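Fold and contact review
Next come the chains, spelled out residue by residue.
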Amino acid sequence: QFAESGGGLVQPGGSLTLSCTVSGLTSDYYAIGWFRLAPGKEIEGITCASNNDGRVYYSDSVKGRFTVSRDTAKKTMNLQMNNLKPEDTAVYYCGAEEWMDHDRYCIFAKTQFSPSGSQGTQVTVSS
């Protein structure tokens, strides 16, 4: 189960921080990530981290603007989003998958991630 928070309305160039708490995992080997779904577009994996070794994947669309931080003991993950653009407008979801490579989880989000396990949080970037 996943619980996201922190979305809202922000002007272009602004910042937001999203938070996610994950529960129900039974293994220490898992990938945890942030995904987003914009109207008329496919689900996109924007950042995924490996709980096993801490490596982090960022999609080209957010690299250099978004930063993920984690508290592995609490199984929480924050997403700091800077220099937001209108094209960042979407519903943002977090997810985790056991025995999954972190980069694969993001790159193949269409088939590896389903938003049905969480409500997501809306981020709207508009002036």
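Preceding block: the structure.
Residue indices follow the written sequence of each chain, beginning from 1 at its first position. Side-chain atom pairs in this predicted model are given and counted only at pLDDT of 80 or more, local residue features only at pLDDT of at least 70, and totals for whole chains, interfaces and linings cover all residues. Side-chain numbers come from the whole structure's heavy atoms, not from hydrogens or water.

1. Some remarks on the overall build of the chain
This is how it is decided: Here a strand is any run of E in DSSP of at least two residues, a helix any run of H or I of at least four, and the numbering for each starts at the N terminus. The globule rule used for comparison is 2.2 Å times the number of residues to the exponent 0.38, while the radius of gyration itself is calculated over C-alpha atoms. Under the scheme applied here, a residue whose accessible area is under 20% of the maximum for its type counts as buried, over 50% as exposed, and between as partly exposed, the area being computed with a 1.4 Å probe on protein chains only. Pairs of residues are marked as contacts when any of their non-hydrogen atoms sit within 4.5 Å.
Along the backbone of the chain there are two helices and 10 strands. In the chain, the order of α-helices and β-strands from amino to carboxyl end is β-β-β-β-β-β-β-β-β-α-α-β. On C-alpha atoms alone, the chain measures out to a radius of gyration of 13 Å, which is about the 14 Å that the 2.2 N^0.38 rule sets for 127 residues. For the chain, the proportion of its 127 residues judged to be buried stands at 42%. Long-range pairs, those at least 24 residues apart, make up 62% of the contacts in the chain with a sequence separation of at least 6.

2. Describing the sheet that holds strand 8 (residues 76-81)
Operational definition: At least two DSSP bridges between two strands are needed for those strands to be called paired. With axes taken as lines fitted to C-alpha atoms, and helix axes fitted only over the stretch in contact, angles between N-to-C directions fall between 0 and 180 degrees.
Overall, antiparallel pairing links the four strands, which are arranged 1-3-8-7 in an open sheet. Two strands lie at the open edges of the sheet, namely strand 1 (2-5) and strand 7 (66-71), each paired on one side alone. Mean inter-strand twist for the sheet, computed between neighbouring axes without regard to direction, equals 15°. Taken together, the four bridges between strand 1 and strand 3 (residues 16-22) define a ladder with antiparallel strand orientation. Note that in strand 3 the partner of Ser-5 across the bridge is Ser-19.

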